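# Examining the three-dimensional arrangement
Here is how the chains run, residue by residue.
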Amino acid sequence: MFRYQTIRAVRCARFSRGLATAVNKGGAIPAALHLKTGQTFRGTSFGAPTSVFGETVFSTSITSYTESMTDPSYRGQILVFTTPMIGNYGVPVNQAPFDSQDVGVTLESKGIQCAAVVVGDVAEKFSHYAAVESIASWCKRHNIPGITGVDTRAVTTLLRDQGTTLGRLAVGADASLPAPESHEYWDPSLENLVDQVSTKEIYTLNPNGSVKIALLDFGAKANITRSLVRRNAAVTVLPWNFDFNTIRDQFDGLFLSNGPGDPQHCMEAALNLRRTINEWNKPIFGICMGHQIIGMAAGLDAYRMTFGNRGHNQPVLALASSGSIKAGRVYVTSQNHQYALELQDPFPQGWEPFFINCNDSSVEGIKSTEDSGKRVWGVQFHPESAGGPLDTIEMFSDFVTECKSTATISHQPAGVIGSSKVEIPLAQKAAGIA
Amino acid sequence: MTLKGGPWSESKGTTSSGYQSLYTRRCVAPTSIGKTFVSLYAMEQAPLASDDDTLAYAAPTKALKTEGKVLAIILLSPPLASVWTRKSNESFLTRLTSLDNQRVARLDHICTADAVLQRSLGHRRLFRNLRLASFGVEGKSVAGECVFQTVLILQPLLGNHGVPAWPAPWDALPEHFGHNRIHIAVLVGNYTEDYRHFLAESSLGAWLKENGVLALYGVDARLTKDSRGLSIGQAGEFDYSGSQAVKALKGEGIYTIMVNLNIPTIATSKSLADKVNFSPSPKYVRKIIKYEQPDGIYVTFSGQTVLNVGIKFKDEFAELGVKVFGMPIETIITTEDRQLFADAVTEIWEKFAESRTVTNVDEAITAAKTIGYLVIVRAAYVLGACEEEYEGWKEIEYEVVRDCRDNCITVCNMENFNPLGIYTGDPIVVAPSQTLSDANYNMLRTTAVNVISHSGVVGECNIQYYALGPTSQEYCMIEVNVRLSRSSALASKATGRSLAFIAAKFGLGIPLKEIKNSVTKVTSACFEPPPDYVVVKIPRWDLKKSNWVNRLLSSSMKSVGEAMAIGRTFEESFQKAVRSIDDSFSGFVENDYVEDIDEELANPTDRRVFAINTVFRREYSVDKIRQMTNIDKRG
């Protein structure tokens, strides 16, 4: 192990010499990425000069460092970019008019969600018409540390072999301290991260939209809400553990968002959802964590993958047709998950696999069967992209269309459909969830 | 020798010392194809090419090299009475392709012997201003129709070792000859009557005269360099795509015939196609099809000529019972015709999202009212307007593949270092793009995928954008190439994903997900490679060798080659690439290549990158350089 570290150190040193744009050498603050498995990668710090613990994961996306870093699913994670040069196009203004048409941010959430970032070569200078600041100053403002000058290919190879590993990014004086003992590493998967990123209060966007959709927020990316609102849906965002059954009659559809961490922490939501599915026949759509919750409600098990799938290039094969999705076609999707649903044979009664990953054959989507009379879809990937390919973006249109057809069929009182106000039962308010 | 660095510069003793065998070897002429083949067994079997021979004649060869003489032999074969079997024909071809591809520079047309002589006496550029002299039989021309093959064997001098004793008529297996008849007439570049060899009995000229063979000398083979065949640096990508396609088809166990004019290529080498044919002109394509009775044909693995052949034979292919694999001909026609293509794209935009084209604010408001809000107003052009409007725009390319089941992936995107207006052959290219945000990247990706799906491309396709006005999300699509282009070859090399290979499989109806990823071997090929490195390609401009060429880079191709470098950062790759272009460049470092710096920055020539380095040293600000060059600060 000692030998390995020596080699690594030499390589880092050589690498950092070649960087024309890395942070200036004079004032460079040293930083080190320690992994629980014993390896240390050294580089220089950018962003906030603080040290953090986290789960070290890698993403293979070429673009979209801004979207990834603000994605709540990366909560608690030290994000390694395999793309070597990060920061070229700077960071745009992350503010949009918070009105009926937009969700208040241009990126995926208000702040940076990941714990730290690891890059090969950070661009100090940026160039893009929309950019207002560099990634370093953005990280600094949000108190997020970063390390540059690391051989990210070596880190990635390591993570791919040994799986997602706990790590620590030590900055400044901490960098010269010995690596933490293995018991000292903080494991974010033990915590209920969903609870940290989910909304604390209920709010409605685009209240006069043509259909009323409830969104259970496990850590929703802004582009999910945005994609629904852009299709003229009124979206009511609910906290992750809100019992939707109490207000379900006011809605035309239910949406379950993405979210960070282990779905086992959200068993409560899965049990609530099981009741909803049994008793309510309107469309339900889940993405990522939402998909896992749907799977758990259907009786499938979720398991932890070795290194997860994070990137914008995951091919998924559609096994069934539905709306814009054609069976037999392969879609390139954006993904970010550590957990996946177990492929069980036979599948639970009334359910069928919807998508499967072409590379590792993991379950990428499930749906209720035609004859079950239900309309429930769950996909592991992110059809809303941001970032990533827009191959499956039309699934949002499909969902909204389904909700619209329900709205017409169900003959609800006009007042309820058009109304912007969501009635929250007192019991729930009192429980302090909302 | 003046052909320094050319593909045929190497010369060894083998061929020159085996010439008598060469002339006596029969030419192959399967009558049904139209007699397009020539046998060249002799070229590798030179009976007299012992080590001693090579040594003995090395000296005169060398002497002539310094004078810049290059010889040529053009083989003419009279009609043959016997029809050769298909088998021997193939074996000839295999041998032909095994010739190291250096000595055989070209095979040419079928024509009459008279025409040959006419052409050789000045009607063609090849032989213009040459004084040809006869050294074989005189007062005779080869009459009637015959097979004319031209094979240039770039040996500076023939005749050195004379001709051994001619075999007796009963000698069925002549010892030093390929056959006991002479089948060809000869044209050589330089010829000598002085021979010296222990076996020699007569001079080459005397021997030919005796046998009534026409022979001329004085041909300068150097002049053929640009006449046909492989122009330097111009068709490498097609060679690449052709060979990859053959590999893909062979992998499926398909009997493959390669039709390729360029003999000195990889695509025509021995181990690849089952059969190689060197006559790509439309006339012979028909003959080849009739003779070979293939099930299908691919026309998208080469350049414009072959696409044109495909378009021309559109109707005939069906009559001949040949299926066009891969790209449907209709798609080729649509994308080749700019107006048709513009219409097709407009069609998708209508399908895609209800849209109106507007030219002013009032129209926009009216349109918005008809469509109903929300509307997205954006400026987008297809093949429109003149280029001045796009000054300073980035130029982006996407390589997209689509299979017969409508699965589409973008294999690579590339960004040009210089903004707009420099022809695809010439730009400095960075892959993957480095200055696009995710929204920009995916906007263009989605458009690319939609255009490809809509136009029915099956196989590989390259889309060029003048994208992104430097200050907005605007973009404009400029071109769609439905064939393997230079940038496809670059994308393949950059990503390790052979686009031609994949495209050939698609042609057979194999879907993307069933092709294995050639890099990882385990995952599916249906995924977009995310390089964790940066590729920089810099073309090599050799303009100083041609004084009259305007050094200004413009929309015509002036590069003669290119260097591609892979590195972990743009700086690393760029530096590597600059150093690889020419051994006189030590990289993107201090230099004195450019005299008028400001002029150079404003009007790009081949020296622009050096000028940029110089001004960095003169402390021009990055912004000033940006303003003068429109190069993105980190692009």
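Quick caveat, the model's predicted, so the values are computed rather than measured. (Residues numbered from 1 in each chain as written. Chains lettered and ligands numbered in written order. Predicted model: local features only at pLDDT ≥ 70, side-chain atom pairs only at ≥ 80, totals over all residues. Heavy atoms only, no water.)

Another point: the packing of aromatic side chains. For the structure on display, the rule yields 17 aromatic pairs over all chains. Here A:Phe285 and A:Phe396 contribute two aromatic rings whose centre-to-centre distance is 6.3 Å and whose plane-to-plane angle is 70 degrees, an arrangement assigned as edge-to-face. A residue pair is termed long-range when its members are at least 10 positions apart, and A:Phe285 in strand E16 (residues 284-287) and A:Phe396 in helix H9 (residues 394-409) qualify at 111 residues. For the pair A:Phe285 and A:Phe396, one class covers both residues: buried. Summarising the aromatic geometry, the rings of B:Tyr398 and B:Tyr441 are spaced 5.7 Å apart at their centres and angled 65 degrees between planes, so their arrangement reads as edge-to-face. Of the two residues, B:Tyr398 sits in strand E14 (residues 394-402) while B:Tyr441 sits in helix H15 (residues 438-455), which places them 43 residues apart along the sequence. For B:Tyr441, a relative accessible area of 9% puts it in the buried group. Put simply, the rings of A:Phe255, A:Phe285, A:Phe396 and A:Phe399 touch in pairs and so form one group of aromatic residues. Over the ring of A:Phe53 we find A:Arg168, and its NZ or CZ is 4.7 Å from the ring centre. (Phe/Tyr/Trp six-rings, centres within 6.5 Å; stacked < 30°, edge-to-face > 60°. Helix = DSSP H or I, 4+ residues; strand = E, 2+ residues; numbered from the N terminus. Buried < 20%, exposed > 50% of the residue type's maximum accessible area, 1.4 Å probe, protein only. Lys NZ or Arg CZ within 6 Å of the ring centre and 35° of its normal.)

Residue and element names in this part refer to chain A. One open sheet accounts for 10 strands, arranged E12-E14-E13-E15-E16-E21-E20-E19-E17-E18; its pairing is mixed. Bordering the open sheet on either side are strand E12 (203-205) and strand E18 (330-341), each of which pairs with just one other strand. Going from strand to strand, the sheet's axes swing by 25 degrees on average, the running direction of each strand aside. Of the strands in this sheet, strand E15 (253-256), E16, strand E17 (302-318), E18, strand E19 (351-357), strand E20 (363-368) and strand E21 (376-379) are in contact with helix H8 (residues 289-298), which crosses E16 at around 120 degrees. (Pairing = 2+ DSSP bridges. Axes fitted to C-alpha atoms, helices over the stretch in contact; angles between N-to-C directions. Contact = heavy atoms within 4.5 Å.)

Moving on: helix H16 (residues 486-495) of chain B. All names here are of chain B. Among the 10 residues in H16, 9 count as buried, and that is most of the element. Looking only at H16, the buried set comprises Arg-486, Ser-487, Ser-488, Ala-489, Leu-490, Ala-491, Ser-492, Ala-494 and Thr-495. Taken from the residues just after H16, Gly-496 is the one with a positive phi, measuring 75 degrees.

Residue and element names in this part refer to chain A. In terms of burial, strand E13 (residues 211-217) is a largely internal element, 7 of the 7 residues being buried. Of the two faces of E13, the one holding Val-211, Ile-213, Leu-215 and Asp-217 and the one holding Lys-212, Ala-214 and Leu-216 are both buried throughout. Across 7 bridges, E13 lies against strand E14 (residues 233-239) in parallel orientation. Its bridge partner being in E14, Val-211 is matched across the sheet by Ala-233. For the crossover that starts at E13, traverses helix H6 (residues 222-230) and ends in the parallel E14, the hand is right-handed. (Right-handed = clockwise from strand over helix to strand, strands pointing away.)

This next bit is on the environment of A:Val117. One can find A:Val117 in strand E7 (residues 116-118). Among residues more than four places away in sequence, those in contact with A:Val117 are A:Phe46, A:Met69, A:Leu79, A:Phe81, A:Cys139, A:Pro145, A:Gly146, A:Ile147 and A:Leu169.

With that settled, the discussion passes to the side chain of A:Ser134. All names here are of chain A. Of note, Ser-134 is situated in the loop between strand E9 (131-133) and helix H3 (135-141). Note on Ser-134: relative accessible area 12%, which makes it buried. Discounting chain neighbours no more than four positions away, the residues touching Ser-134 are Val-91, Glu-124 and Phe-126.

Listed as interface residues are 41 residues of chain B and, on the opposing side, 42 residues of chain A. Carbon and sulfur atoms supply 54% of the area buried between chain B and chain A, which totals about 3600 Å² over both sides. Remark: the boundary between chain B and chain A carries 4 salt bridges. For A:Asp151, the salt bridge is made with B:Arg568, and the minimal N-O distance between the two is 3.2 Å. Counting across the chain B and chain A interface gives 13 residue pairs in polar contact (both at pLDDT 80 or more). Residue assignment for the side of chain B that touches chain A shows that the elements contributing at least two residues are strand E15 (408-416), H15 and helix H18 (570-581) of chain B. In terms of residue count, the dominant contributor to the side of chain B that touches chain A is H15(B) (6 residues). In terms of residue class, the side of chain B that touches chain A is built from 15 nonpolar, 14 polar and 12 charged. (Buried area = accessible area lost by both parts, 1.4 Å probe. Salt bridge = Lys/Arg side-chain N within 4 Å of Asp/Glu carboxyl O. Polar contact = N/O pair within 3.5 Å; in protein donor to acceptor, adjacent residues only side chain to side chain. Nonpolar A, V, L, I, M, F, W, Y, C, P; charged D, E, K, R; others polar.)

Tallying each qualifying case throughout the model produces 17 salt bridges over all chains. Its salt-bridge partner being A:Glu279, residue A:Arg275 comes within 3.5 Å of it at the nearest N-O pair. Note that A:Arg275 and A:Glu279 are positioned in helix H7 (residues 267-279) at a spacing of 4 residues, about one turn of the helix. The exposure class of A:Arg275 is partly exposed, given its relative accessible area of 38%. You can call A:Glu279 partly exposed: its relative accessible area is 44%. When the shortest N-O distance is used, the salt bridge between B:Lys505 and B:Glu252 registers 2.7 Å. With B:Lys505 in helix H17 (residues 499-507) and B:Glu252 in the loop between helix H8 (236-251) and strand E9 (257-259), this residue pair connects regions lying 253 residues apart in the sequence.

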